Amino acid sequence: EVRQYFCKIIKEDEDVSVGVAAIRTLLEIIKHSKSETVQELEANLKDAISQMKNSNYTVAAINSGCELFLRFITLASLDTRDFDECKKIMMDRGHLFIKKLDDSRGKIVKLASNFIGDGSRILTHSRSRVVLQTLRKAHKQNKRFEVFVTISAPDNIGTRMCKDLEAEGIPCTLILDSAIGYIMEQVDFIMVGTEGVVESGGIVNKVGTNTMAVCAKEMNKPFYVLTESFKFSRLFPLDQQDLPEEYKYTSEVRKSCDLRKIHPLVDYTPPSYITLLFTDLGILTPSAVSDELIKLYL
């Protein structure tokens, strides 16, 4: 039932991120829970998180979002000894948390759209909802710019991103993933979303992002990341192999395939390749992420 509800949210609202859908699912569990103690409720929530992680969606945003959500609401147990009152406080804090998430994308869009000027030529990868909204806002401000979008294999989601932009009247060109190096000298900057931001200030995102970032660094092109702070994760990968397998492959693939022969869903982009992160907390350098993580979990 948990997985069904979680997947239903994503299918019914294409603008909702996987992380937000996971948090909404946890809030629904708290609402209908028949648990009689805080410990029992927390155990049910952790079990629900495990079930969602075993769905065929990327785990990075589920992990970071749910971890921060649990931290935010379960502190309620320190405020009262009465379980019913505690549950009410959890629900109130949960709704407040969701409201903050709903507002966060708007803050990012406002910040990032100011960096798009007339005549800009932008390269993006995959289909980030926050990047799409940023480009839409800049277009509504009557700014003239052009966007290059990678096809983003293996699911070719970039094709949909390109159609979304063209539907808004934004000039857009679809390019092969392998054409990144060719097109890089023609663009002014790169703008991507992310599945997760790790402690070092690096990001976990759709496979191919690291290749784009390395190429951008070599050609001195700014590499901008647009992300909500709930995607900040207490993870510190050292390289690609250091990323957890649950981040790189779906549960079905992990159970039934030889992972050495399967392409990963995501890759890790080190902080040295990232220029700035546009977040609901403000515009950050990669080195500032660890400080913000400490504040989030205080």
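Residues numbered from 1 in each chain as written. Predicted model: local features only at pLDDT ≥ 70, side-chain atom pairs only at ≥ 80, totals over all residues. Heavy atoms only, no water.

Student: It is not clear to me how the overall build of the protein should be interpreted in this structure. Could you clarify?
Tutor: Within the protein one finds 12 helices and 10 strands. The C-alpha atoms of the protein give 20 Å as radius of gyration, which agrees with the globular expectation for 298 residues (19 Å, within 12%). With respect to the principal axes defined by its C-alpha atoms, the protein has extents near 60 × 45 × 35 Å. Here the protein holds 298 residues, and 52% of them are scored as buried. Put simply, of all contacts in the protein between residues at least 6 apart along the chain, 73% involve residues at least 24 apart. (Helix = DSSP H or I, 4+ residues; strand = E, 2+ residues; numbered from the N terminus. Rg over C-alpha atoms; globule rule 2.2 N^0.38 Å. Buried < 20%, exposed > 50% of the residue type's maximum accessible area, 1.4 Å probe, protein only. Contact = heavy atoms within 4.5 Å.)

Student: Looking at this structure, how should I read the UniProt feature "coiled-coil region" (unreviewed entry) in the protein?
Tutor: UniProt tags residues 31-58 as "coiled-coil region" (unreviewed entry). Annotated as 64% helix and 0% strand, the span residues 31-58 places its first and last C-alpha atoms 26 Å apart. (UniProt positions renumbered as here; feature names shortened; annotations may be inferred.)

Student: Which parts of the structure should I look at to understand the packing of helix H2 (residues 18-32) against helix H5 (residues 83-113)?
Tutor: Relative orientation of the contacting elements H2 and H5 amounts to 160°, with a least axis distance of 10 Å. On the basis of the axis angle, H2 is roughly antiparallel to H5. Pair H2 / H5 crosses with left-handed handedness. Judged by residue contacts, Val20, Ile23, Arg24, Leu27, Ile30 and Lys31 of H2 engage Lys87, Met90, Met91, Gly94, His95, Phe97, Ile98, Leu101 and Asp102 from H5. Tallied by class, the residues present in the contact of H2 with H5 amount to 9 nonpolar, 2 polar and 4 charged. (Axes fitted to C-alpha atoms, helices over the stretch in contact; angles between N-to-C directions. Parallel < 35°, antiparallel > 145°, perpendicular 65-115°, else oblique. Left-handed = near helix turned anticlockwise from the far one by under 90°. Nonpolar A, V, L, I, M, F, W, Y, C, P; charged D, E, K, R; others polar.)

Student: What exactly am I supposed to notice about the environment of Glu292 here?
Tutor: Within the secondary structure layout, Glu292 lies in helix H12 (residues 289-296). C-alpha of Glu292 to C-alpha of Glu199: the two residues are 93 residues apart in sequence and 9.3 Å apart in space. Beyond its immediate chain neighbours, meaning those up to four positions away, Glu292 contacts Phe232, Leu281 and Leu284.

Student: Explain the sheet that holds strand E3 (residues 172-175) to me, please; I cannot follow it from the model alone.
Tutor: Strand pairs in the sheet, formed through backbone hydrogen bonds, run parallel or antiparallel to each other. Spatial strand order, E3-E2-E1-E4-E7-E9-E10: 7 strands in an open sheet with mixed pairing. The sheet terminates laterally at E3 and strand E10 (282-284), the two strands that pair on one side only. Across the sheet, the mean angle separating the axes of adjacent strands is 25° when strand polarity is ignored. Note: strand E7 (residues 223-226) against strand E9 (residues 276-279), 3 bridges, orientation parallel. Across the sheet, residue Leu226 finds its bridge partner in E9, namely Phe278. In the packing of H5 onto the sheet, contacts are made with strand E4 (189-192), E7, E9 and E10, and the angle to E9 comes to roughly 135°. Each of strand E1 (120-124), strand E2 (145-150), E4 and E7 is contacted by helix H6 (residues 129-140), which is oriented at about 165° to E2, the strand it contacts most. (Pairing = 2+ DSSP bridges.)

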